[in-house]
Every structure is written in structure tokens, then in C-alpha cells.
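Each chain is listed here by its residues.
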Amino acid sequence: FFFKQKTAYEISTRDWSSDVCSSDLIRLRECTITAPGGGVLAVPVVEVETSADEVRIRIPAVSCGPTAAGALSAVARAWLEEPVRFPLNWIVEIAAFSWEIRDPGTVSPTATGRGEAPAFPLRIECVAAGDARAVRVHRVDRDGGRDEVRVIATSDAPRRYDVRGAISTPVPWSVVAAVLSPTVASELPLGAGCSLAGTVEATADGPEWSFTCHGALEGVDLAVLCAAGRHRLEGLMTVVVDRFQWESGRLVAMEAKGSAVRGRIAQSLLGGLVTSCGCRPGPAFRPLDGEPMRPFDELDVEVGIDGRGVRLSAAEGRSGALARRQGIALVDEPSSPVPLDRLAWLIAPTDAPAMPASAASAWLMRVLPPPETPGRQAGF
């Protein structure tokens, strides 16, 4: 089976002939799987059992980081889209699966060291029925909790995809980004220690996806996220997304909360929030010694976005303060929603109060909700 697939995926092993169990079951050692995009998954031991309609793969233990996750997702995508090349069902059983918390070579000023999360059993099912093919990845915790992602694809043209996922045990963001798209990690870098949990429902008819999701991002590294911009922000943030709705390449509505403690915010960013987003200077807005980076003790922001604009507000009990130092507000929430293009102003390469032409701001305006039209209901 493995050698038949070499035209699509390079699969090598140092030892297989000395460990043949039967004509239908072989044991491979020190295997590596290289996907077309370059992702590599190393597996110390694999048992492969074949029948007339199924390939069953058993793996005692494996650790998976972003690179390996990209390789696995490429294999799963090919199985969904190429039934002639992959005519059999696949069942993959991993007794002890673990996530690599960070890949070698990852550098982040606030990230934790490299390591592995606790291992758990994982089962991957690739099955076909009629004109549909499905991949289901699921785990069952010892306490009875269940995490599952299911992808169903039809053979119609254009091919339709339906995705349902519910993850209660956090997954490293770097792994999620590698599975979603090779460019997501560079477009939305959240730091080596960031993890994601939540639910998603998504569909695609052709190239554009539509989806709704909610969940939580833990350990967002603000320094990494803002590294490519002109405003600096440092600290680790927790982001809770209550609602995120995306349709045909554009954001429809979002409601989220972010909180961080003991970080630093650039004075230029505080000024940009005032001039571009209508925020109000707090009593501690201006530094006494002209320091460009202002320490903060608390950063609590609630964000709402839809066709009416952007709503920035402080968390409950914060008296309108978005950021505070020693209990005194650095900047306060605006009094009303602001137009969507003000976000583009905030990330513009200069302070000029005009629509910027940078690549980041141009992309932002393409994906933000279209302006509210009369009679249309807002999502706030």
C-alpha cells in the first residue's frame, strides 16, 4: 500500500522486511511521510493492515507539531479529493498522541519553552459513501469529554465541503494555522504559546468559505502579533470570541473580549486610539518623562464589528477604562461606534488622516463588513 502511494507522498522506512507479520499486516519502523508541500511527519513504529476495502494503521505513539500537522492535512485533503488514487477507507488509531507546544527554532519574547502536552488516544476515520467522502478526527478523554472535527466533501463540481468541529482541549494555534492555510501563520501570528479551543461550522461551494465560530485563544503574544506594524504592544492576552461570522470572503459580524495584565503599550498606539478610533485620553494618558512604551497593569477591551462600524468598550466594572496603570486610566472607551475604515487608519504606515494604501490596510478593507444600508439590521 505505501509503495503504491509514492507517486503522491514520499514514504520511507529503514526497517520493514524483517518485521513482516503476515501478507496483510506489516510493521514499519522509523518512518517518515513527506507531503507534496514539504511537510514531514516522523513515526517511530507503524502497523499497517489491509483488507479488500480498508487500510487500518496502528501507531503506538507520535508527537505532532505544525510541520507534521501540515503533512497530515495534505494527506487528508488528497484522500477527500482524489478517490481514484485513494479508493480504500482508512482507519488510523494512535494510542498516545501529543501536541508539540512549539516547533524547534521558534523565537518569541514571551513564549514558554518547547515541550509536549499530555498524550491522549486519537482516532482518524476516512470513509466513503456514495458521492461523499468524509474525514473524522476525534479523541475521547478519560473523563468522558469529547473533541471532534468532521469534514465531508462531495464529488460534485464544484465540490462542496461541510466542516463541523468542537474542541474543548486547547490545540496549539501554530498547528491550527498550518492546517488551515500555509499563509495563515504569517498573516495572523499569535505567538508560539498560543492555543485555541471552541466550535466551528463551515461550508464551501467553490473557492469561498462561509463559517461561524466561537471559542477562546489563550496566550496571544501581543509583541508577535504587532511586530509587523508601527505600533508596539507587549504582553500575553486571552481572547474570548463570542461570535465570529464570515461569509464569502468577508467578515459579517464579530463580538470578542480581550484581556491582558502586566504589559506595555506604545504611546503612539494610545494616540492612534484617540485620533483614529475616537477613544478618550485617560488621566494617565500623557507620560511625565516622555517614555515611548507605557507599562499597564490591566488591558480589557470588548470589540464589536458589523456593518454599522466598530464598537470598542471597556469590560464591566472598569469605568470605561480600556487600559489602566496603578488603577488610573491610560485611555477610555469612545462614546459611540466608529466607522470601519478607522481600523485601517490605525494600522496605516503614517499618521496622516486619510485612507492608507498599505497592503495590510487594503486587505483589511476588503474583508471588513460592507457599510450598513438603510433597513438592514445591525449585529450589535
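Just so we're clear, the structure is a prediction, and the values are computed from it rather than from any experiment.

What counts, and where the lines are drawn
- Residues numbered from 1 in each chain as written.
- Predicted model: local features only at pLDDT ≥ 70, side-chain atom pairs only at ≥ 80, totals over all residues.
- Heavy atoms only, no water.
- Helix = DSSP H or I, 4+ residues; strand = E, 2+ residues; numbered from the N terminus.
- Buried < 20%, exposed > 50% of the residue type's maximum accessible area, 1.4 Å probe, protein only.
- Contact = heavy atoms within 4.5 Å.
- Areas by Shrake-Rupley, 256 points an atom, 1.4 Å probe, with all protein chains shown as cover.
- Polar contact = N/O pair within 3.5 Å; in protein donor to acceptor, adjacent residues only side chain to side chain.
- Salt bridge = Lys/Arg side-chain N within 4 Å of Asp/Glu carboxyl O.
- Pairing = 2+ DSSP bridges.

A. Local environment of the overall build of the chain. In terms of regular secondary structure, the chain is built from seven helices and 19 strands. Looking at the chain residue by residue over its 380 residues, the buried ones come to 42%. When contacts within the chain are restricted to residue pairs at least 6 apart in sequence, long-range pairs at least 24 apart make up 54% of them. Summed over all atoms, the accessible surface of the chain reaches about 19,500 Å², with 58% contributed by carbon and sulfur.

B. Highlighting helix α5 (residues 267–277). Those residues of α5 that sit buried are Q267, L269, L270, G272, L273, S276 and C277. Buried residues along α5 sit in contact with β12 (233–234), β14 (250–266), β16 (293–306), β17 (309–313), β19 (328–332) and α6 (341–346). In the segment just after α5, G278 is the residue with positive phi, at about 75°.

C. Representation of the environment of S98 within the structure. Mapped onto the secondary structure, S98 falls in strand β5 (residues 89–99). Here S98 falls in the buried class, since its relative accessible area comes to 5%. C-alpha separation for the pair S98 and V62, spaced 36 residues apart in sequence, amounts to 6.6 Å.

D. How the structure looks around the side chain of E148. Looking at where E148 falls in the secondary structure, it is placed in strand β8 (residues 146–154). Reaching out from E148, the side chain makes a polar contact with the side chain of R150 at a distance of 3.3 Å. Leaving out residues up to four positions away in the same chain, E148 has contacts with R136, V137, H138, R164, G165, A166 and I167.

E. Region of interest: the pattern of salt bridges. Across all of its chains, the model carries 21 salt bridges by this definition. Between R56 and E54 there is a salt bridge, with the nearest N and O atoms lying 3.0 Å from each other. Linking R160 and D205 is a salt bridge whose minimum nitrogen-to-oxygen distance equals 2.7 Å. Taken together, the residues span a long stretch of sequence, with R160 in strand β9 (residues 160–172) and D205 in strand β10 (residues 195–205) at a distance of 45 residues. By relative accessible area, R160 is classed as partly exposed at 30%. Where salt bridges share partners, they join E49, E54, R56, R58, E93, R123, E125, R136, E148 and R150 into one cluster.

F. Main features of the pairing of strand β18 (residues 321–325). With respect to burial, β18 is a largely interior element, four of its five residues being buried. In the sheet, β16 pairs with β18 via two bridges, with the strands oriented antiparallel. What sits directly across from E298, in β18, is R324. Where β18 folds back on β19, the antiparallel hairpin that results is connected by two residues, among which Q326 adopts a positive phi of roughly 55°.

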